[in-house]
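Observations on chain architecture
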There are 2 protein chains.
Amino acid sequence: MTSDRPLAFGGNHLDRSANRRGDADWLAQSLAAAETHFVHINGDRTIVVDGRLHTGRNGQAREHYLLGIDAGGGAWFACHSDAAENLRDLRGLAVEGLLPAHELALLAQARSIVHWHERHGFCANCGQPTAVKDAGYRRHCPSCSVDHFPRTDPVVIMTVRNGDSILLGRQTSWQVGVYSTLAGFVEPGETIEEAAGREVLEESGIRTHAYRYVASQPWPFPSSLMIGLIGEALDREIRIDTRELEDARWFSRSEVEDMLNGTHENALRAPPPMALANRLMRLAFQPS
Amino acid sequence: MTSDRPLAFGGNHLDRSANRRGDADWLAQSLAAAETHFVHINGDRTIVVDGRLHTGRNGQAREHYLLGIDAGGGAWFACHSDAAENLRDLRGLAVEGLLPAHELALLAQARSIVHWHERHGFCANCGQPTAVKDAGYRRHCPSCSVDHFPRTDPVVIMTVRNGDSILLGRQTSWQVGVYSTLAGFVEPGETIEEAAGREVLEESGIRTHAYRYVASQPWPFPSSLMIGLIGEALDREIRIDTRELEDARWFSRSEVEDMLNGTHENALRAPPPMALANRLMRLAFQPS
């Protein structure tokens, strides 16, 4: 599936170099090397100076996690930062398109892995402190010997079609006027398609089928993998789950085009082009 | 994507009833009700008596996790079991096809969620004990107030094509003669397609592109979501990562057919039809 406008957070150029992660000598040399880059993560934010990603050394960081090696052979590491200045949040950077796509992608990798370490200093199995291993891709518990690995949480996000209209909803917390595709986490013991059908039924009361896969997108808030689908509705009458959605309704093709183009008469809007939801709205009316 | 032979662990008939998970009164009534079913999980195993899934009450279980509600209105819960008799492992049950598909599917759900609770009694953020919430779909830390949710780990599994042959490998731990599609966990900050390309490159040295999605399958050992793809190779020369694979090579269409049919002259075999890998091998030679 191709598209004119790229999705944010994909397109990482680094060689992740998993074979280097256990090589303590190589890691020590790389951390000391002048050409090594450091990606600073403070919550959802990183450091941008004069419009460029800051990748200088971080004297305060206690742990560094390997992102990979660039085409020039330079290593890139992620680290937590307590910086208070020059911070820019990753969503804003993605919408704005200030940084190259491949830098946004390694920021996504960095943000997900830094967040995981910040929340996983202890062993979920026994409660004792754990230690970083494999350059950040494992934490080991010396007390009970259990290994823990970074999370990636699959999320289904789907446009549901009924004739010449699609189902969109909005949450109370969203910006005024924004409507988007429904979405939700895949649960244990579900296929992707089953999760999509369950989420749409739960949130809108609409039964669906015939899902097809469109594209995927890393979504580092904190560690989702968005799995984009287009499916077909079997019902028309919406029953909203008001705990999940503030509103949901059917939108005609022309209304969706106006939302995508920013010309909707009531100022309703789609998510920005960097988001998979935008692509799913644009592709919903093309033949499958 | 349809197929004559269903994949194991999909096809759950239960209504997961997420809206009931926070309803303490309903949960207490359901746990006491005569028509409620209990799925007993001991590691990868459950209890099967006279060829039927045992769903009787478990007096020893301290926690019960809601699986959902069946078409007759009966609730189903999963629980840990210390039973030592009549145990059957879920892989064997899936290969054998003894139980109905929808029972295998709820066993997958039960096994993933029971395993998650067994390994997550403590808060990864602060090390203190956590408590079950939402009928098993959340654990809450009363010390630091962080919520933890069950894991579902996305895994890419892919057939790679080169002309009229496909790339298959085998791990030392597998049964003698079995070759299968390559696979690996999606990492933070990757799309599905990027993860597929990275895994194939890491394990075999083959560059790939043009992946298309085929199907997904829950794989409850302990909590994977298998995402099946077919892609195209850009290279032919294999360099095996011997830490991951014992062997990898190109297999011709006729050799793959013999492996699928159990008629290979050297007794090489495909994974069983219940596994997504089998479907990916069968579909690899069909036009996309």
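Below you will find a few notes about this structure. (Residues numbered from 1 in each chain as written. Chains lettered and ligands numbered in written order. Predicted model: local features only at pLDDT ≥ 70, side-chain atom pairs only at ≥ 80, totals over all residues. Heavy atoms only, no water.)

**Points about the overall build of chain A**
The secondary structure content of chain A amounts to six helices and 15 strands. Compactness check: chain A gives a C-alpha radius of gyration of 21 Å against a globular reference of 19 Å for 288 residues, within 12% of the reference. Counting only C-alpha atoms and orienting by the principal axes, one finds that chain A spans roughly 60 × 45 × 35 Å. The buried share among the 288 residues of chain A stands at 55%. If you take every contact in chain A between residues at least 6 apart in sequence, the share linking residues at least 24 apart comes to 65%. A total of about 12,500 Å² of accessible surface is found on chain A, and carbon and sulfur atoms cover 47% of it. For chain A, the distance from the average site of its 29 positive side-chain charges to the average site of its 37 negative ones is 1 Å. (Helix = DSSP H or I, 4+ residues; strand = E, 2+ residues; numbered from the N terminus. Rg over C-alpha atoms; globule rule 2.2 N^0.38 Å. Buried < 20%, exposed > 50% of the residue type's maximum accessible area, 1.4 Å probe, protein only. Contact = heavy atoms within 4.5 Å. Areas by Shrake-Rupley, 256 points an atom, 1.4 Å probe, with all protein chains shown as cover. Lys, Arg positive; Asp, Glu negative; His and termini not counted. Charge placed at Lys NZ, Arg CZ, Asp CG, Glu CD.)

**Here we look at helix α5 (residues 253-261) of chain A**
Residues and elements named next belong to chain A. Regarding α5, the residues found buried are Glu 255, Val 256 and Met 259. Buried residues of α5, viewed axially, fall in a sector of 100°; they line one side. Close packing links the buried residues of α5 with β11 (165-170), β15 (247-252) and α6 (276-283). The first or second residue beyond α5 is Gly 262, which carries a positive phi of 75°. (Arc of directions from axis to C-beta.)

**Thoughts on the sheet that holds strand β8 (residues 138-140) of chain A**
By definition, the strands of a sheet pair up through backbone hydrogen bonds, in either a parallel or an antiparallel sense. The three strands are arranged β7-β8-β9 (chain A) in an open sheet whose pairing can be described as antiparallel. Of all the strands in the sheet, just β7 (131-133) and β9 (147-148) of chain A have a single pairing partner and so form its edges. (Pairing = 2+ DSSP bridges.)

**What about the interface of chain A and chain B?**
Many descriptions give the size of an interface as the accessible area lost when the pieces come together. Contacts between the two partners involve 48 residues from chain A and, on the opposite side, 48 residues from chain B. At the junction of chain A and chain B, the tally comes to six salt bridges. Ionic pairing is found between Glu 187 of chain B and Arg 16 of chain A, a salt bridge with its closest N-O pair at 2.9 Å. Counting across the chain A and chain B interface gives 26 residue pairs in polar contact (both at pLDDT 80 or more). Secondary structure elements with two or more residues in the side of chain A that touches chain B: α3 (101-119), β10 (153-162), α4 (192-204), β13 (208-219) and β14 (224-233) of chain A. With six residues, α3 of chain A is the largest single contributor of residues to the side of chain A that touches chain B. Tallied by class, the residues present in the side of chain A that touches chain B amount to 20 nonpolar, 15 polar and 13 charged. (Salt bridge = Lys/Arg side-chain N within 4 Å of Asp/Glu carboxyl O. Polar contact = N/O pair within 3.5 Å; in protein donor to acceptor, adjacent residues only side chain to side chain. Nonpolar A, V, L, I, M, F, W, Y, C, P; charged D, E, K, R; others polar.)

**Focus on the side chain of Ser 204 of chain A**
Residue and element names in this part refer to chain A. Along the chain, Ser 204 falls in helix α4. From its side chain, Ser 204 meets the backbone oxygen of Val 200 in a polar contact 2.6 Å long. At 3.3 Å, the side chain of Ser 204 and the backbone nitrogen of Ile 206 are in polar contact. Those residues in contact with Ser 204 that sit more than four places away from it in its chain are Leu 167, Leu 182, Glu 237, Ile 238 and Arg 239.

**A look at unusual backbone geometry**
One can expect most non-glycine residues to show negative phi and most peptide bonds to be in trans. Here the residue pair Phe 221 of chain A and Pro 222 of chain A is connected by a cis peptide bond, since its omega of 0° sits within 30 degrees of zero. The backbone of Phe 9 of chain A sits at a positive phi, close to 80°, despite the residue not being glycine. Mapped onto the elements of the fold, Phe 9 of chain A is located in the segment before α1 (24-32). Overall, the relative accessible area of 0% leaves Phe 9 of chain A in the buried class. Backbone geometry places Ala 267 of chain B, a non-glycine residue, at a positive phi of 60°. Among the structural elements, Ala 267 of chain B can be located in the loop between α5 (253-261) and α6 (276-283). Classification of Ala 267 of chain B by relative accessible area gives exposed; the value is 52%.

**Some points on the packing of aromatic side chains**
One pass over the full model with this rule turns up 11 aromatic pairs over all chains. Ring geometry for Phe 38 of chain B and Phe 77 of chain B: centres 6.2 Å apart, planes at 25°, overall stacked. Separated by 39 residues along the polypeptide, Phe 38 of chain B in strand β1 (residues 37-41) and Phe 77 of chain B in strand β5 (residues 75-80) bring together distant segments of the chain. Across this residue pair, the class does not change: Phe 38 of chain B and Phe 77 of chain B are buried. One aromatic cluster is present, formed by Phe 9, Trp 219 and Phe 221 of chain A through successive ring pairs. Here the basic side chain of Arg 249 of chain A rests over the ring of Phe 251 of chain A, its NZ or CZ set 4.0 Å away from the ring centre. Sitting above the plane of the Tyr 179 of chain B ring, Arg 249 of chain B keeps its charged end 5.9 Å from the centroid. (Phe/Tyr/Trp six-rings, centres within 6.5 Å; stacked < 30°, edge-to-face > 60°. Lys NZ or Arg CZ within 6 Å of the ring centre and 35° of its normal.)

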